[in-house]
Amino acid sequence: MKHKFLKSVAGLAMFASAFAYAQTPYPTKPITMIVPFAAGGPTDTVARLVAQSMGNTLKQTVLVENVGGAGGTIGAARVAKSAPDGYTLFLHHIGQSTAPSLYRKLSYNAVDDFEPIGLITDVPMTFIARGDFPAKDLKELLAYVKANKSKVTYANAGVGSASHLCGMLFMTAIDTELTTVPYKGTGPAMNDLLGGQVDFMCDQTTNTTSQIKGGKIKAYAVTTKTRVPSLPNLPTMNEAGLPGFEVAVWHGLYAPKSTPKPIIDKLEHALQVALKDPTVKQRFADLGTEPVAENRATPEALRAHLKAEIAKWAPIIKKAGVYAD
Ligand code: ASP
């Protein structure tokens, strides 16, 4: 009898706390969305578009804070330790799934320390080089980097970044080790590429489209299976001479683990509204991408995708033998 009474008291307490959360007005102050790369790069661009639109729905400002370095793992570690109160969000990309295999030790668990909110977009990558780089197409690029491997430089955003992953796949495919130059994001890397301080890189179309269209850099191929409508003249890697080379950068939105469900629900809704926002859709299209369908902009879809991607990349990274401390 006593036992039954205790049980119902506990049930009541749980109900009361869920009720309290449902009643808690949220958000009542600005929200910070952490991007684990420097401002001005492709992840930052996606984040700012989504943050602005989510802020309109939530009727609060969503500020983007750039916490770059170590391929996105510094920002991820910061979010993992943040209060689960809905005021810290995390927009990251495919790196959330590759870092666990690339780093011997991470201070966070990429799955258990985060509350998924939803997928955002899949973005193609492009192989690009400084404007006066000698190679004019991918075949020439392959020949040139092999012949000049001691002096060619490849820019990336550190071990764990998408540009690192793409470069790692490239070097494995052509069996050639190149000198890499890590940045806190590919925004600053692009500045150096434009300035001719580094030779080439692989980066999302959300960072490269306008520079390619403006003829400021050389572009060799897009890394997706099919061509990108906004860059119709750019061949796929398959067409250009590296068959089977394929990688796309997916982005997801997270909160720290244990963020209350009613808050996650509100954020999920605001994300879904953002992905239907005509301004976001148009900007995404201009930059070679599109929002995911609504059924992928959910916690369940992001959780499943993250786990599948961790499982997909682990053996590939192991085979490449790339590790960081
Ligand atoms: N594109 C970058 C990467 O290589 C990161 C960034 O968004 O700056 O992961």
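Residues numbered from 1 in each chain as written. Predicted model: local features only at pLDDT ≥ 70, side-chain atom pairs only at ≥ 80, totals over all residues. Heavy atoms only, no water.

1. Regarding the state of the cysteines
For step 1, the next point in the chain: A full pass over the atoms with the stated rule returns 1 disulfide.
For step 2, the next point in the chain: Through a disulfide, C166 is tied to C202; the S-S separation comes to 2.1 Å. Here the S-S torsion is close to 75°, and the disulfide linking C166 with C202 is therefore right-handed. One end of the pair, C166, is in helix α6 (residues 162–174); the other, C202, is in strand β7 (residues 200–204), and 36 residues separate them in sequence. Here the two residues C166 and C202 agree in accessibility, since each one is buried. (Disulfide = S-S within 2.5 Å. Helix = DSSP H or I, 4+ residues; strand = E, 2+ residues; numbered from the N terminus. Buried < 20%, exposed > 50% of the residue type's maximum accessible area, 1.4 Å probe, protein only.)

2. Structural notes on the pairing of strand β3 (residues 88–93)
For step 1, the next point in the chain: Of all 6 residues that make up β3, 6 are buried, and the element is covered over most of its length.
For step 2, the next point in the chain: Taking every second residue as pointing to the same face, both faces of β3 are buried, with T88, F90 and H92 on one and L89, L91 and H93 on the other.
For step 3, the next point in the chain: Here strand β1 (residues 31–35) pairs with β3 via 3 bridges, running parallel. Paired with M33 across the strands is L89, a residue of β3.
For step 4, the next point in the chain: Sheet topology note: the β3/strand β9 (residues 248–256) ladder contains 4 bridges and is antiparallel. Note that in β9 the partner of F90 across the bridge is Y254. (Pairing = 2+ DSSP bridges.)

3. Details of the site of the ligand
For step 1, the next point in the chain: Around the ligand sit F37, P42, T43, H93, A157, S161, A162, S163, G185, T186, D203 and Q204, and those are all the residues in its vicinity.
For step 2, the next point in the chain: A distance of 2.6 Å is found between an oxygen atom of the ligand and a side-chain nitrogen or oxygen belonging to H93.
For step 3, the next point in the chain: Look at the ligand: alone it shows 270 Å² of surface, and the protein chains cover 100% of it.
For step 4, the next point in the chain: Those elements that place two or more of their residues in the shell around the ligand are α2 (42–58), α6 and β7. (Near = heavy atom within 4 Å. Polar contact = N/O pair within 3.5 Å; in protein donor to acceptor, adjacent residues only side chain to side chain. Areas by Shrake-Rupley, 256 points an atom, 1.4 Å probe, with all protein chains shown as cover.)

4. Quick notes on helix α10 (residues 261–274)
For step 1, the next point in the chain: In a regular helix each residue adds 1.5 Å, so 14 residues correspond to 20 Å; α10 covers 20 Å between its end C-alpha atoms and thus fits that length.
For step 2, the next point in the chain: Of all the positions in α10, only I263, I264, L267, E268, A270, L271, Q272 and A274 are classed as buried.
For step 3, the next point in the chain: At its buried positions, α10 is contacted by α2, β3, β4 (114–130), β9, α11 (278–286) and α12 (299–320). (Expected span 1.5 Å × (residues − 1). Contact = heavy atoms within 4.5 Å.)

5. A closer look at α2
For step 1, the next point in the chain: A rise of 1.5 Å per residue sets the reference length of α2, with its 17 residues, at 24 Å; its end C-alpha atoms lie 24 Å apart and thus fit the reference within 8%.
For step 2, the next point in the chain: Most of α2 is tucked away: 13 of the 17 residues are buried.
For step 3, the next point in the chain: The positive-phi residue at the C-terminal boundary of α2 is K59, with phi of around 55°.

6. Some thoughts on the packing of helix α7 (residues 186–195) against helix α8 (residues 205–213)
For step 1, the next point in the chain: Orientation of α7 relative to α8, taken along the N-to-C sense of each, is 25°, at an axis distance of 11 Å. The angle between the axes of α7 and α8 places the two elements in the roughly parallel class. For α7 against α8, the interelement crossing comes out right-handed. On α8, the residues touching T186, G187, M190 and L194 of α7 are N207, T208 and Q211.
For step 2, the next point in the chain: When grouped by side-chain class, the residues that make up the contact of α7 with α8 number 2 nonpolar, 5 polar and no charged. (Axes fitted to C-alpha atoms, helices over the stretch in contact; angles between N-to-C directions. Parallel < 35°, antiparallel > 145°, perpendicular 65-115°, else oblique. Left-handed = near helix turned anticlockwise from the far one by under 90°. Nonpolar A, V, L, I, M, F, W, Y, C, P; charged D, E, K, R; others polar.)

The values reported here are purely geometric and, on their own, carry no functional implication.
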